[in-house]
Number of protein chains: 2
Amino acid sequence: MADDHTTPDSAGTSGERPGVRAQTSPGRWEGVPVMPYKQTSDAPFRDVTRQLLFTDPNLGCEWRYFEVDEGGYSTLERHAHVHAVMIHRGKGQCLVGMAISEVGPGDLVFIPPMTWHQFRANRGDCLGFLCVVNAVRDRPQLPAFDDLAALRSDAAVAGFIRIGKE
Amino acid sequence: MADDHTTPDSAGTSGERPGVRAQTSPGRWEGVPVMPYKQTSDAPFRDVTRQLLFTDPNLGCEWRYFEVDEGGYSTLERHAHVHAVMIHRGKGQCLVGMAISEVGPGDLVFIPPMTWHQFRANRGDCLGFLCVVNAVRDRPQLPAFDDLAALRSDAAVAGFIRIGKE
């Protein structure tokens, strides 16, 4: 739900700092900069930040942290690669395929290949989540007209999804 | 700190269940069995369990959860692969190389290649931590006599390490 790259975020880095990097406040870590969610402006989202926790090239994957402010949402998208997610703080809801679920701290979310997904901080709190992803991955796809029609064939999904035009 | 395999834990599995698996109590998840830490008895440890949170073959890595009961410790070991760790609950200390650090919820720990490491739940609580690791990895090495002598050349490290003979 949070990639705008076809190359790893870690490209050009030489690895992590050995040992401990403390969580200095909820969702903030020593030496980990808070970055924009997307580096392109064509994918709709609202009030999301991105942090790279571990991107060592030896890991085979990247471990990121995304935080959606209250009222915000990640991009509604799908891709061939999978996402392994754990909610870190706050609460909200997520869409995976046609299923909408409540999520809170410690809950696990798996996004299979080519499955529409979106996270919303729509429960009076922020929604911060850890997301592990293969270091080599495809670019996310946004929904086309027909995709949106199919998603909106379900009333609950129609009411849930946000595409930046609300 | 927690591998006794030369092959991925996911061997033979076909992927994760799509969508949400709730954290049912601290350090326990819907559909995630609690397993022994090690499947061999030659590596010393005390009071540790292992859970596989995400092992989908498309992920390139495995996301595990280890929980050390109060007073317990993971195996003192090193390996060529790296570990990306986040403390999930409880508190304790960890050794990475020759550095001993206090750790608590949300703290990040990176274990570089061939670096001695051990986690201890020695602060009056359990120590539960998330650990992400490359799906393809080498077998951990235990310290030989000379390795222990080198570790023990530092008084603090000498007092910290546990090798099952205390």
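An account of the accompanying structure is given in this report. (Residues numbered from 1 in each chain as written. Chains lettered and ligands numbered in written order. Predicted model: local features only at pLDDT ≥ 70, side-chain atom pairs only at ≥ 80, totals over all residues. Heavy atoms only, no water.)

### Some points on the interface of chain B and chain A
Next, step 1: With 40 residues of chain B at the contact, the number on the chain A side is 40 residues.
Next, step 2: For the pair chain B and chain A, the summed buried area comes to about 3100 Å², and 73% of that belongs to carbon and sulfur atoms.
Next, step 3: The largest share of the area that chain B buries against chain A comes from B:W63, B:L108 and B:F110, three residues that together contribute 22% of it.
Next, step 4: Counting across the interface, chain B meets chain A through 0 salt bridges.
Next, step 5: Counting the contacts that link chain B with chain A gives 12 residue pairs in polar contact (both at pLDDT 80 or more).
Next, step 6: Those elements that provide at least two residues to the side of chain B that touches chain A are β1 (19-21), β5 (46-54), β6 (61-73), β7 (83-90), β8 (92-96), β9 (99-103), β10 (108-111) and β12 (127-134) of chain B.
Next, step 7: Of the residues belonging to the side of chain B that touches chain A, the class tally is 26 nonpolar, 8 polar and 6 charged.
Next, step 8: Where strand β10 (residues 108-111) of chain A lies against β1(B), 3 bridges are found, and the strand directions are antiparallel. When the sheet's bridge partners are listed, A:L108 is paired in β1(B) with B:R21. (Contact = heavy atoms within 4.5 Å. Buried area = accessible area lost by both parts, 1.4 Å probe. Salt bridge = Lys/Arg side-chain N within 4 Å of Asp/Glu carboxyl O. Polar contact = N/O pair within 3.5 Å; in protein donor to acceptor, adjacent residues only side chain to side chain. Helix = DSSP H or I, 4+ residues; strand = E, 2+ residues; numbered from the N terminus. Nonpolar A, V, L, I, M, F, W, Y, C, P; charged D, E, K, R; others polar. Pairing = 2+ DSSP bridges.)

### Observations regarding unusual backbone geometry
Next, step 1: With a phi angle near 60°, A:D47 is a residue other than glycine that sits in the positive phi range.
Next, step 2: Tracing the sequence through the fold places A:D47 in strand β5 (residues 46-54).
Next, step 3: When its relative accessible area of 41% is taken as the criterion, A:D47 is described as partly exposed.
Next, step 4: Despite not being glycine, B:M114 shows a phi value in the positive range, around 55°.
Next, step 5: Tracing the backbone through its elements, the reader meets B:M114 in the loop between β10 and β11 (117-120).
Next, step 6: The exposure class assigned to B:M114 is partly exposed, which follows from its relative accessible area of 36%. (Buried < 20%, exposed > 50% of the residue type's maximum accessible area, 1.4 Å probe, protein only.)

### Considerations on the relation of the copies chain B and chain A
Next, step 1: When chain B is fitted to chain A, the best match, at an RMSD of 0.0 Å, comes from turning it 180° and sliding it 0.0 Å along the axis. Put plainly, the chains are arranged around a two-fold axis. Ranked by how close their C-alpha atoms come to the rotation axis, the residues of chain B are headed by B:G60, at 2.8 Å.
Next, step 2: A high fraction, 100%, of the interface residues of chain B reappear at the interface in chain A, so the copies pair face to face through one surface. (Least-squares fit on C-alpha atoms with pLDDT ≥ 70 in both.)

### Side note on helix α1 (residues 145-152) of chain A
Residue and element names in this part refer to chain A.
Next, step 1: Among the residues making up α1, those that are buried are D147, L148 and L151. One side of α1 holds all its buried residues, which, seen down the axis, span an arc of 95°. Along α1, exposed side chains directed more than 90 degrees from the buried face belong to F145 and D146.
Next, step 2: Contacts from the buried residues of α1 go to α2 (155-160). (Arc of directions from axis to C-beta.)

### Quick word on the packing of aromatic side chains
Next, step 1: A full pass over the atoms with the stated rule returns 15 aromatic pairs over all chains.
Next, step 2: Summarising the aromatic geometry, the rings of B:F54 and B:W63 are spaced 5.3 Å apart at their centres and angled 40° between planes, so their arrangement reads as tilted.
Next, step 3: The exposure class assigned to B:F54 is buried, which follows from its relative accessible area of 0%.
Next, step 4: An aromatic cluster is built from A:F54, A:W63, A:F110, B:F54, B:W63 and B:F110, whose rings are joined through pairwise contacts. (Phe/Tyr/Trp six-rings, centres within 6.5 Å; stacked < 30°, edge-to-face > 60°.)

### Considerations on the side chain of B:H83
Next, step 1: Position of B:H83 among the secondary structure elements: in strand β7.
Next, step 2: Only 3.0 Å separates the side chain of B:H83 from the side chain of B:H79, close enough to count as a polar contact.

### Overview of the side chain of B:E67
All names here are of chain B.
Next, step 1: Within the secondary structure layout, E67 lies in strand β6.
Next, step 2: Judged by its relative accessible area of 7%, E67 is buried.
Next, step 3: A distance of 2.4 Å separates polar atoms of two side chains, one belonging to E67 and the other to Y65.

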